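# Descriptive structure summary
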Amino acid sequence: MSKVAILGAGFVGTAAATYIAERNIADITMIDVIDFGLAAGKAVDLSAASAVRGFSAKVEGTDKIEALAGAQVVVNTAGVPRKPGMDRMELLKVNAKIAANFARGIAA
């Protein structure tokens, strides 16, 4: 089965992983480098649902960017939400740095 790496294990990353898993599109590696243990916990929850939801896709979670090796597709859902008083340009700058860091990891 193909492999999809999902960067970010928040609401959007988890929704993407659920969609991919439930349709047996690919095995999934969820990666979240900020909230240690979040991706692993979400992967365990999603894997446990496989018996009820009827999918066989393998789901794993980690905080190591190197785990995306071998992925045919990388989905970037990582970023921070806008904080009170933060304008959209400030938010763009913060999230652009996050995307750039992941891009270097993907390239490596």
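Scroll up a little and you will see the structure.
In what follows, the accompanying structure is described. Residue positions are given per chain, counted from 1 along the sequence in the order it is written. Given that this is a predicted model, residues contribute local features only at a pLDDT of at least 70 and side-chain atom pairs are listed and counted only at 80 or more, while totals for whole chains, interfaces and linings are drawn from all residues. Where side-chain values are given, they derive from all heavy atoms of the structure, hydrogens and water being excluded.

### A few points about the side chain of D27
As for its placement among the helices and strands, D27 is situated in strand β2 (residues 27-31). Look at D27: it is buried, it has no salt bridge, and the nearest opposite charge is K58 at 5.4 Å. Think of a polar contact as two N or O atoms within 3.5 Å of one another; within protein, one of them needs to be a possible hydrogen donor and the other a possible acceptor, and neighboring residues in sequence only count if both atoms come from side chains. Of note is the side chain of D27, whose polar atom sits 2.8 Å from the backbone nitrogen of K58. Setting aside anything within four residues of it in sequence, one finds D27 in contact with M1, S2, K3, V4, A57 and K58. Helix and strand labels come from DSSP, where a helix needs a run of H or I of at least four residues and a strand needs a run of E of at least two; each type is numbered from the N terminus. Buried residues are those whose accessible area, probed at 1.4 Å on protein chains only, stays under 20% of the maximum for their type, while exposed residues exceed 50% and partly exposed ones sit between those limits. Think of it this way: Lys and Arg go in the positive column, Asp and Glu in the negative one, and His and the chain ends go nowhere. Salt bridge, as used here: a side-chain nitrogen of Lys or Arg that lies within 4 Å of a carboxyl oxygen of Asp or Glu. Residue contacts are defined here by distance: any two heavy atoms, one from each residue, within 4.5 Å place the two residues in contact.

### Some remarks on the layout of surface pockets
A water-sized probe rolled over the atoms picks out the places where empty space is left. Grid points spaced at 1 Å and placed over the protein atoms alone form the basis of the search, with a cavity being a set where a 1.4 Å probe fits but cannot get out and a pocket an open set showing protein on both sides within 12 Å along at least five of seven lines. Lining residues have an atom within 4 Å of a point. Grid points are joined across faces, edges and corners, and a volume is the space filled by probe spheres set on the points. The calculated volume of the largest pocket comes to roughly 370 Å³. Lining the largest pocket are 18 residues, with G8, D32, I34, A78 and G79 sitting closest to its centre. Those elements giving two or more residues to the lining of the largest pocket turn out to be α1 (11-22) and α4 (88-107).

### Things to note about the side chain of T29
With respect to the helices and strands, the residue T29 is situated in strand β2. At 2.8 Å, the side chain of T29 and the side chain of E60 are in polar contact. For T29, the contacting residues outside a window of four places in its chain are K3, V4, A5, I6, E60, T62 and A67.

### Some thoughts on the pairing of β2
Residues in a regular strand project their side chains so that they alternate between the two faces of the sheet. Of all five residues in β2, five are buried, a share of seventy percent or more. Side-chain alternation along β2 places D27, T29 and I31 on one buried face and I28 and M30 on a second face that is also buried. At least two bridges found by DSSP between two strands is the condition for calling them paired. Two strands pair when backbone bridges link them, and strand β1 (residues 3-7) and β2 are joined in this way by five bridges, in the parallel orientation. In the strand pairing of β2, K3 is matched with D27. Here is how to tell: hold the view so the strands point away, follow the path from the first strand over the helix to the second, and if it runs clockwise the crossover is right-handed. What joins β1 to β2 is α1, and the crossover it makes is right-handed. Pairing of β2 with strand β3 (residues 59-62) involves four bridges; the strand directions are parallel. Bridging across to β3, I28 finds its partner in V59.

### Description of the packing of aromatic side chains
By convention, a stacked pair of Phe, Tyr or Trp rings (six-membered ring in the case of Trp) has centres within 6.5 Å and planes under 30 degrees apart, an edge-to-face pair has planes over 60 apart, and any other such pair is tilted. Tallied over the full model, the rule gives zero aromatic pairs. Throughout this description, the term charge over a ring refers to an Arg CZ or Lys NZ atom that lies within 6 Å of the ring centre and within 35 degrees of the ring normal. Lying across the ring of F11, K42 places its NZ or CZ 6.0 Å from the centre.

### What to know about the sheet that holds β3
The four strands lie next to each other as β3-β2-β1-β4, forming an open sheet whose pairing is parallel. Where the open sheet ends on each side, the last strands, each with one partner, are β3 and β4 (73-76). Each neighbouring strand pair of the sheet contributes to a mean axis angle of 20°, computed without reference to strand direction. Axis definition: a line fitted to C-alpha atoms, over the contacting stretch in the case of helices. Angles run 0 to 180 degrees between N-to-C directions. Where α1 meets the sheet, its contacts fall on β1, β2 and β3, and the angle it forms with β2 comes to roughly 170°.

### Comments concerning the pattern of salt bridges
Scanning the model with the defined rule gives two salt bridges in all. Between E22 and R53 there is a salt bridge, with the nearest N and O atoms lying 2.6 Å from each other. Of the two residues, E22 sits in helix α1 while R53 sits in helix α3 (residues 50-53), which places them 31 residues apart along the sequence. The residue D63 makes a salt bridge to K64 at a minimum N-O spacing of 3.5 Å. A relative accessible area of 47% means that K64 is categorised as partly exposed.

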